[in-house]
Amino acid sequence: MAFSFTTADIETIRQTLQAELRDDGSSWQFRVGTQLSGAPLVLNVHNNVALDDQTTGSLVTAQTQHGYFELHDCSGFVSIEPDEIIFVGGSGEFLSSLVIGSQRTCSLFANIRRSIINADFAKLDATMLMAAMQLSLAEQIMAS
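So, a few notes on the structure that sits alongside this text. (Residues numbered from 1 in each chain as written. Predicted model: local features only at pLDDT ≥ 70, side-chain atom pairs only at ≥ 80, totals over all residues. Heavy atoms only, no water.)

1. Focus: unusual backbone geometry
Line of reasoning, step 1. Between E81 and the following residue, P82, the backbone shows a cis peptide bond with an omega angle of 5°.
Line of reasoning, step 2. Along the chain, P82 turns up in the loop between strand 5 (67–80) and strand 6 (84–91).
Line of reasoning, step 3. Phi at N111 is positive, roughly 55°, even though this residue is not glycine.
Line of reasoning, step 4. With respect to the secondary-structure elements, N111 resides in strand 8 (residues 106–113).
Line of reasoning, step 5. Using a relative accessible area of 58% as the deciding quantity, one classes N111 as exposed. (Helix = DSSP H or I, 4+ residues; strand = E, 2+ residues; numbered from the N terminus. Buried < 20%, exposed > 50% of the residue type's maximum accessible area, 1.4 Å probe, protein only.)

2. Side note on the nonpolar core
Line of reasoning, step 1. In terms of nonpolar packing, the biggest core is built from 20 residues, with F5, I13, L43 and F87 touching the most fellow members.
Line of reasoning, step 2. Sorting the residues of this core by element identifies helix 1 (7–17), strand 2 (27–32), strand 3 (41–50), strand 4 (56–64), strand 5, strand 6 and strand 7 (94–101) as the ones contributing at least two each.
Line of reasoning, step 3. Grouped together as the second largest cluster of nonpolar side chains are 15 residues, I80, V88, F109 and I116 included. (Core = buried A, V, L, I, M, F, W, Y, C linked by side-chain atoms within 4.5 Å.)

3. Observations regarding the pattern of salt bridges
One side chain can pair with another of opposite charge once the charged atoms of both are near each other.
Line of reasoning, step 1. With the rule as written, the count across this model stands at three salt bridges.
Line of reasoning, step 2. Close ionic contact of E11 with R14 constitutes a salt bridge, the shortest N to O distance being 2.5 Å. You can see E11 and its partner R14 sitting in helix 1, three residues apart, about one turn around the helix.
Line of reasoning, step 3. Exposure remark for R14: the relative accessible area of 26% places this residue in the partly exposed category.
Line of reasoning, step 4. One salt bridge connects D24 with R22, and the closest N-O pair in it is separated by 3.0 Å.
Line of reasoning, step 5. Take D24: its relative accessible area is 46%, and that puts it in the partly exposed class. (Salt bridge = Lys/Arg side-chain N within 4 Å of Asp/Glu carboxyl O.)

4. What about helix 2 (residues 129–137)?
Line of reasoning, step 1. Among the residues making up helix 2, those that are buried are A131, A132, Q134 and L135.
Line of reasoning, step 2. Looking at the buried positions of helix 2, the neighbouring elements they touch are strand 6, strand 7 and strand 8. (Contact = heavy atoms within 4.5 Å.)

5. Regarding the environment of V42
Line of reasoning, step 1. Here V42 is to be found in strand 3.
Line of reasoning, step 2. For the pair V42 and T64, spaced 22 residues apart in sequence, the C-alpha separation works out to 6.6 Å.

Structure follows, in structure tokens:
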């Protein structure tokens, strides 16, 4: 069963990111940041997107002043207090995540091995610590 965002999920995202919301039914657009703070980050969340001929799922996109990012087949999200949302997707051995902050921050972690989430951080290569720490925050929503 594919993950779908609920009305309560959308409100959690809006409140956490302190964003303006445009609701199109199965698609939502969040404008994060104000005109006074520069160009806003535009976050789009879509349910029931045809991912291929046989599969539908959720899609999350973020457009920032630095680029455009997509997370296909989103399997869930978690709100990290006080001001971040971590969207997670992936299957099998690999995960990806898109981290959006209320201060217009956007980080993408792609093809991360699931095994690093529970690894001893002291034994991980230092270059992998950020991904391991971010994804460990969302561990509760990751089904095997």
